[in-house]
Amino acid sequence: MTIRTRVAPSPTGDPHLGTAYIALFNYCFAKQQGGEFVLRIEDTDQVRSTRESEQAIMDSLKWLGLNWDHGPDVGGEFGPYRQSERSDLYKKYAHQLVETGKAFYCFATSEELDEMRDAQVAEGLRPQYDGRGLKLSDDEIAANLAAGKPYVIRMKIPTQGTFVFEDYLRGDIEIPWENVDMQVLLKADGFPTYFLANVVDDHHMQISHIFRGEEWINSAPKLLKLYDDFGWTPPTLGHLPLLRNPDKSKLSKRKNPTSINYYKEMGFLPEALLNYLGRMGWSMPDEREKFSLEEMIEHFDMKRVSLGGPIFDIDKLNWLNGLWIRENLTDEQLMQRFFEWKYNPQLMTKVIGQAKTRINTLSDMVELAGHFVAGMPSYDPALLTAGKAEEEVIREALQLFIWELEALRAWDKTEIFAIAKQVATHHELKIKDFLEPIFVAITGKTSSTSVVDAMEILGSDMSRARLRVALGHIGVSKKQAKKLEKSYQAYLSAK
Ligand code: GLU
């Protein structure tokens, strides 16, 4: 049997560190045994999936050196590797499950289901699907189908007993069936849910081992039951521990940048970032801290992954990156890295376009345009609130700006400016007064090149990271955070 692993990201946002970590461990497991590594794009969420995000995920995995044997761009014998191109397959299998009595139609509208849940809550019960579709007679189903009523297909789940499976990393895991819902497999729009698509694909792509994040443990009974329902041999399943912030909370962009692009823009080396991700729950047999991907593959042992949540600590990554720079790169190579990173004609042309009208000597450039290559600009945080707008308004407007920028796909100055304008208007601020603190956050100065242009050139990850640092300087208490959430909801519904 070919050992074949995969990483199956959903392209709904920035390329996440967690995706690279899961990819790395799957990659090492397969490569160590001469196996194959697959990239599958799980884009069944039609609303949230974007091609930009897919491209960014592929670019960042490639940047890290995690290349796949099969994938949407390179093809492979079991393709296509993008779920949106496999819809017919999922439909066919969902209906097959209905025919074999393993799944059923449900015609309930969302209003009916809301009512059902409200009634359950009123009775003090846990809201869950009550199996009403199972009670329909064959005639009723036929009539509904003939009338063209919208339906979903749900899987049948035992009502009693406990599901037990052997996790490759955790041993036996028991989950009572009463905690498992009758999962929708095919939605009313004809698209599959994660569960159906995932199982159909892992089977057809001949994936032998699945190592995924521990947040998926509770879905294991549904996945493994589906293999059983189809009569397929399931792959080996294992759940890796989640990455955590230094305060042990789940790694999230509120506390740490989580986009791989951010680390690239900050000037971390891909080999150092990969090395650090390799230390998340795993260590070399001789405990050495610095190792290459090849060395990791050589010594890799999935069974030695420790399950306590690994802490992603930027200070440690910083230190490790320094080691890689000093010990592994010649001066020549380091210079080359600088060129590839920022000091290249592509970026410098943009910077010069911004700076030319404002400099008298070439050396003025360092002071004026340093923020295009610097990591986090340092400045006196008091500058953020030194302008016309009140601190409270700046806090709220800045947070709103960050959230709106997070949702922005096409990163260009016209869009950025339009959002800035909306946010300013919403807070009854003149655009000039709103941009004052933004200017400081982005450039570290009170006057420099155009801030919106700077944001476009810096890119989404670095711009948002700088805004988040500024928000951190202003400070957001728990109470204020709640208020901000509320006012964002109000803003969204007023839009
Ligand atoms: N699309 C899922 C995700 O985004 C894949 C989970 C899995 O590996 O099964 O994480």
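Residues numbered from 1 in each chain as written. Predicted model: local features only at pLDDT ≥ 70, side-chain atom pairs only at ≥ 80, totals over all residues. Heavy atoms only, no water.

1. Here we look at the overall build of the chain
Scanning the chain from terminus to terminus reveals 20 helices and nine strands. Here the C-alpha atoms of the chain give a radius of gyration of 26 Å, agreeing with the 23 Å that 2.2 N^0.38 yields for 495 residues. Dimensions of the chain, computed from the C-alpha atoms along their principal axes, are close to 85 × 55 × 40 Å. Across the 495 residues of the chain, 51% fall into the buried class. Considering only contacts within the chain whose residues lie at least 6 apart along the sequence, 75% involve residues at least 24 apart. Entry remark: accessible area of the chain is about 23,800 Å², with carbon and sulfur atoms responsible for 51%. Across the chain, the mean location of the 60 positive side-chain charges is 3 Å away from that of the 71 negative side-chain charges. (Helix = DSSP H or I, 4+ residues; strand = E, 2+ residues; numbered from the N terminus. Rg over C-alpha atoms; globule rule 2.2 N^0.38 Å. Buried < 20%, exposed > 50% of the residue type's maximum accessible area, 1.4 Å probe, protein only. Contact = heavy atoms within 4.5 Å. Areas by Shrake-Rupley, 256 points an atom, 1.4 Å probe, with all protein chains shown as cover. Lys, Arg positive; Asp, Glu negative; His and termini not counted. Charge placed at Lys NZ, Arg CZ, Asp CG, Glu CD.)

2. Side note on a nonpolar patch on the surface
Judged by side-chain polarity, Met335, Phe338, Phe339 and Tyr343 come together as a nonpolar surface patch covering roughly 370 Å² of accessible area. Relative to the assigned elements, Tyr343 resides in the loop between helix H12 (331–341) and helix H13 (345–355). Accessibility expressed as a relative area gives 39% for Tyr343, which makes it partly exposed. (Patch = residues over 30% accessible without salt bridge, like charges linked within 9 Å, V, L, I, M, F, W, Y side chains within 5 Å. Salt bridge = Lys/Arg side-chain N within 4 Å of Asp/Glu carboxyl O.)

3. As for the site of the ligand
If you check the shell around the ligand, you find Arg6, Ala8, Ser10, Glu42, Tyr194, Asn198, Arg212 and Trp216 and nothing else. In this structure, Ala8 approaches the ligand through a main-chain N or O atom, which is 2.8 Å from a nitrogen atom. Tyr194 has a polar side-chain atom sitting 2.6 Å from an oxygen atom of the ligand. Relative to its free-state accessible area of 300 Å², the ligand is covered by the protein chains to the extent of 82%. In terms of residue class, the shell around the ligand is built from three nonpolar, two polar and three charged. (Near = heavy atom within 4 Å. Polar contact = N/O pair within 3.5 Å; in protein donor to acceptor, adjacent residues only side chain to side chain. Nonpolar A, V, L, I, M, F, W, Y, C, P; charged D, E, K, R; others polar.)

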